[in-house]
Amino acid sequence: MRIEVKDLTKRFEHTLVLDRINLEIRQKEFLGLLGPSGSGKTTLLRIIAGLEFADGGVVEADGRDVSTLGFEERKFGFVFQHYALFNHMTVFENVAFGMKVRPRGARPDKQAIADRVKELLELVQLGEFEDRFPAQLSGGQRQRVALARTLTIDPQVLLLDEPFGALDAKVRVELRRSLRDIHDATGLTTIFVTHDQEEALDLADRVAIMNHGIIEQIGTPNEIYESPKTPFIFDFLGRTNSFECVIEHGKARLGDKELPVEADIPDGRGVAFVRPHAIVLSPPNDPEPTQDARLLGTAILRFISARGQRAVAELLYERRLIEAETTRESLKELGLSIGDKCTVSLRLPRIYARREAERQTGIPERAAARPPFRKRLRSRLSATPY
Amino acid sequence: MVDHAPSFDASLPQAARRPLPLTESAGARTALITVALGFLLLFLLLPLIVVFAEALRLGLGSYWAAIGEPEALAAIRLTLLTALIVVPLNAIFGIAAAWAITKFQFAGKNLLITLVDLPFSVSPVIGGMVFVLLFGLQGVLGPWLAAHDIHIIFAIPGVIIATLFVTLPFVARELIPLMQKQGTEYEEAALMLGASGWQTLFRVTLPNIRWGLLYGLLLCNGRAIGEFGAVAVVSGHIVGLTTTMPLYIEVLYNDFNFAAAFAVASLLTLMAFATLILRAILEWRAARLLARSRLH
Amino acid sequence: MIGGAIAIRQRSIVPGFGLSLGVTLSYLGLIVIIPLCVLLLKTSDAGWAKIWMELSSLRTLAAFRVSFGVAFLAAAFNTVFGCIVAWVLVRYQFFGRRLIDAMIDLPFALPTAVAGISLTQIYAGNGWLGAALATAGIKVAFTPLGILVALAFVGLPFVVRTVQPVLQDFDRETEEAGALLGASRWNILRRVVFPPLVPAVMTGFTLAFARGIGEYGSVIFIAGNMPGYSEIVPLLIVIKLEQFDYAGATVIASLMLVASFILLLAINLLQAWTRRQQGG
């Protein structure tokens, strides 16, 4: 089933929760709605499901206005964040519920119901748990029961509200795989809501990032990660270093270096966003370390945190702190210790208009406010051996 | 900066090695327990003992005779009839009111909750009085009722309506916070799976609230059986017809028929015990469910 | 659908708004709203002259004094002992604690008439305790003291049951912190434990007080019901009704409701103020 959302608007008291949302979800697509809390993603999902009603706009399924469709024709499957399993019923009865409540004429007989329940429980790998009660299941098991339960109504669309929100990290990763497998096996159009960008980028065919009731960008995970259109997206998807620059005639001037710029960014003050792992450290006074890195200047190493294979270094550059991420080995090779100078270079910067960046993310203001606390904290710590 | 780690120094005087005052002294504790138990003994236990002692004062034979009196039996019948009518009606009301209040957002909800609570906060005498004003001979509908030979005040319907008034909030008061806590997710899930409204109510909502509902029924029943003030006003004390058990007790007592009065009172006391035991069981069950759900 | 038309509400997928609200309002209307409106109607019918007459009647004034005064004292009495009972039940372990805990609700569950005759039997001049008290010159039954005893009985569970859960959820770590900072046990109790309990105690007091004002069944047996001395307001209302002085009855009832309302409002405000003082 194809879903189209046209100019959807929703207000709650005086806030605009959804602001003219336009979205198309293709047949069999696995779409992720990603965003921070308050972005409107869950509201959008619930309106598509029919659990809430929009103030303006329309949701269409295969071209037909969804609000005119009855339950039988619409058949959207919804899995709640906390699963909403019926606690007084066994797993079997929970899964069978959708079939048991059908009107007399359309209800399958007992054997058919039992067969279907068994089939679905096998699909979610809970075949042995028929007679258990939800209170006896783990979080991951409950989620799978909720999934099997919603599949009994033969839905055309599957809607999942923060499917992994209530689970711990290890279970999450396992369930991601099985959810993807189930999607591939059933071929259902699936929309899920999450605030975890790693989850969204890992699972979805396409991701729609939402913020304050609008969709900032829709694209494949690669597109979004590598070419984030707005500063918000860049900052939301990972840790961010910002450098001020000036945009003139289609080029950004960072210090005395020049960087190319997207066409539609106006002249004026700009900011370059760079990921920590895209900041390259090299010995001081090293003119041009690697081919694709732009030399930035000299920074002073302030703090090192070695976490397993990754090492995160905090450096003071032009009175602000920046974060660089590299491997433990590389850092060792450089032979730097706290207080030393080193050369920093940038790779893959994204340039944005400074005003937009400030408005959406609070960067670069935020970064400047950090030093005092860090200074106090670090003065108490001895140098971390690495 | 030199560290000073706290340590126990054996050379310190006794006072410095005293344990932390995390509880009252043994003496204080004993005193408090004694006071509490003494208070409860005097105010709770003694009246109970008195009921049964006085009921049996003239012997077991007299006890059974008092209960077997036709008027006593009529009182028992009326009390049970009242409970049988009032409790289910108020249960239905409670479920409907809790459904309306907890599953929907609308203006005036707070006013509605206040109205539901109202019978709880007015004197039972007023609870009876309003119906006398409405249905009594000199009441608003008095003449009309007399003309049609319908008797409400000083008749059984009045007793039932007055009891309905005072017991109205009990089930609703139990269900409203319970259903508010549960939210609407389960109902939404059932509806998304194709259930109709009634199927959702009977298969999902009611099972979810069954312990709270039982508790409310128990409280409602206890009050319906024991109600005195409201019924006293509307009944007219017509022995054998409109006296419930509490009223019958009053009649017996005012006739100085103490042993019989306490005999009937002992029946009510036993019913109160049963209520307390059932309440304790339900509370214990609820605590167990809570502990089990916390494990996950 | 009715629901969407008459009430201003957000649309919801859950059905049954019209039906449930309809049932609720009809039932409430028939059993609560209409009767109470009749009360208001009859009160306004009575006219200011009648209202003044009742208000200035010595008998009425005495009844109000007795009802409100004794209810206040009984609630205060229950507050003191109720707190002790709650403390003992939560903090200490002793034989029969669970049983006693379940029994606290007895005054809730026991019919008021049973309580009334039982208490009278105990405190009458020749009663179980009354006889001993009489030799000491103390008369309980047929005096306001008897009313106090009765109201203390019915109000007993209120303070205990409102304070108990707060005490149970109390964070013992704050007490430990106080102890580690060198406070004596009494100081810890006074400064750390008691202040957070005050709102609950006040709530319990209010409930007991409100209950005491309107109590009828357990009082009329032990009170003696002498006008001007031990007559309570609810009884006065009943007497007026029996005399078919409907106007008088409604006036007194309305006065009682207004006085209760004002008092409860005052206590609620005091409670809110106390809560603010403690930082919400």
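Residues numbered from 1 in each chain as written. Chains lettered and ligands numbered in written order. Predicted model: local features only at pLDDT ≥ 70, side-chain atom pairs only at ≥ 80, totals over all residues.

Asks: Please explain the overall build of chain B as it appears in this structure.
Replies: Looking only at helices and strands, one finds 14 helices and zero strands in chain B. In chain B, the order of α-helices and β-strands from amino to carboxyl end is α-α-α-α-α-α-α-α-α-α-α-α-α-α. For chain B, the C-alpha radius of gyration of 27 Å lies well beyond 19 Å, the compact-globule estimate for 296 residues. Principal-axis analysis of the C-alpha atoms places the extent of chain B at approximately 100 × 65 × 35 Å. Within chain B, buried positions represent 45% of all 296 residues. For chain B, the share of sequence-separated contacts (at least 6 apart) that also reach a separation of at least 24 residues comes to 75%. (Helix = DSSP H or I, 4+ residues; strand = E, 2+ residues; numbered from the N terminus. Rg over C-alpha atoms; globule rule 2.2 N^0.38 Å. Buried ≥ 20, exposed ≤ 12 C-beta atoms within 10 Å, placed from the backbone. Contact = placed C-beta atoms within 7 Å.)

Asks: How should I be thinking about the domain arrangement of chain A in this particular structure?
Replies: Interfaces are often sized by the accessible area lost when the parts come together. Residue and element names in this part refer to chain A. Along its sequence, chain A is carved into domain 1 (3–229) and domain 2 (232–380). Counting from both sides, the interface comprises 10 residues of domain 1 and, opposite them, six residues of domain 2. Taken together, the elements giving at least two residues each to the side of domain 1 that touches domain 2 come down to strand S9 (206–211), strand S10 (214–219) and helix H8 (221–226). Within the side of domain 1 that touches domain 2, the residues separate by chemical class into five nonpolar, three polar and two charged. (Domains from an automatic or database assignment. Nonpolar A, V, L, I, M, F, W, Y, C, P; charged D, E, K, R; others polar.)

Asks: Looking at this structure, I do not really get the sheet that holds strand S2 (residues 15–25) of chain A. What am I missing?
Replies: Strand pairing in a sheet is mediated by backbone hydrogen bonds. Such pairs are either parallel or antiparallel. Residues and elements named next belong to chain A. With antiparallel pairing, four strands are arranged side by side in an open sheet as S2-S1-S4-S5. Two strands in the sheet have a free side with no partner beyond their single neighbour: S2 and strand S5 (64–65). Both strand S4 (residues 56–61) and S5 contribute to a ladder of two bridges, which runs antiparallel. Opposite alanine 61, over in S5, you have arginine 64 as the bridge partner. (Pairing = 2+ DSSP bridges.)

Asks: Looking at this model, I keep getting lost on the confidence of the model for chain B. Mind explaining?
Replies: Residues shown with low pLDDT carry predicted positions that ought not to be read at fine detail. Residue and element names in this part refer to chain B. Confidence along chain B averages 88 in pLDDT terms, with 92% of residues attaining 70 or more. In the model, residues 1–5 has pLDDT below 50 throughout and makes zero contacts with residues more than four positions away in sequence or in other chains. What the predictor reports for the complex is a pTM of 0.84 with an ipTM of 0.85. (pLDDT = per-residue confidence, 0-100.)

Asks: Is there a simple way to think about the nonpolar core in this case?
Replies: Most often, soluble globular proteins have nonpolar side chains that are buried together. Membership of the largest hydrophobic core comes to 161 residues, with the highest contact counts inside it found for B:Met129, B:Ile249, B:Val264, B:Ala265, C:Ile147, C:Ile222 and C:Ile237. Residue contributions to this core peak at 14 residues, all from helix H3 (residues 70–103) of chain B. Apart from residues lying up to four places away in sequence, B:Ala265 is in contact with B:Val51, B:Ala55, B:Ile249, C:Val114 and C:Ile117. Core analysis: the next-biggest nonpolar cluster, separate from the first, contains 107 residues, A:Val17, A:Phe30, A:Ile48 and A:Ala200 among them. (Core = buried A, V, L, I, M, F, W, Y, C linked by C-beta atoms within 7 Å.)

Asks: In this structure, what is going on with the sheet that holds strand S16 (residues 294–307) of chain A? I would like to understand it.
Replies: Residue and element names in this part refer to chain A. Strand order in the open sheet made by the five strands is S15-S19-S16-S17-S18, with antiparallel pairing throughout. Edge positions in the open sheet fall to strand S15 (279–282) and strand S18 (320–327), since each of these has one partner strand only. Strand after strand, the sheet turns through a mean of 45° between neighbouring axes, direction not considered. With seven bridges joining them, S16 and strand S17 (residues 310–317) adopt antiparallel strand pairing. From the neighbouring strand, leucine 301 faces S17, where its bridge partner is leucine 315. (Axes fitted to C-alpha atoms, helices over the stretch in contact; angles between N-to-C directions.)

Asks: Where do I start with the pairing of strand S11 (residues 241–248) of chain A in this structure?
Replies: Where a strand is regular, its side chains alternate between the two sheet faces. Residues and elements named next belong to chain A. Pairing analysis gives seven bridges linking S11 to strand S14 (residues 268–274), with the strands arranged antiparallel. Each bridged residue has a counterpart across the sheet, and for serine 242 the counterpart in S14 is phenylalanine 273. In terms of strand pairing, S11 meets strand S12 (residues 251–254) through three bridges, oriented antiparallel. Paired with glutamate 248 across the bridge in S12 is lysine 251. A loop of two residues connects S11 with S12, the two strands running antiparallel in sequence, and histidine 249 in this loop sits at a positive phi of about 45°.

Asks: When you look at unusual backbone geometry in this model, what are you seeing that I'm missing?
Replies: Peptide bonds are, in most cases, trans, and in most cases residues other than glycine have a negative phi. The backbone phi angle of A:His212 is positive, close to 50°, even though this residue is not glycine. Along the chain, A:His212 falls in the loop between S9 and S10. One non-glycine residue, B:Phe154, lies in positive phi territory at about 60°. When you line up the elements, B:Phe154 lands in the loop between helix H6 (142–147) and helix H7 (156–167).

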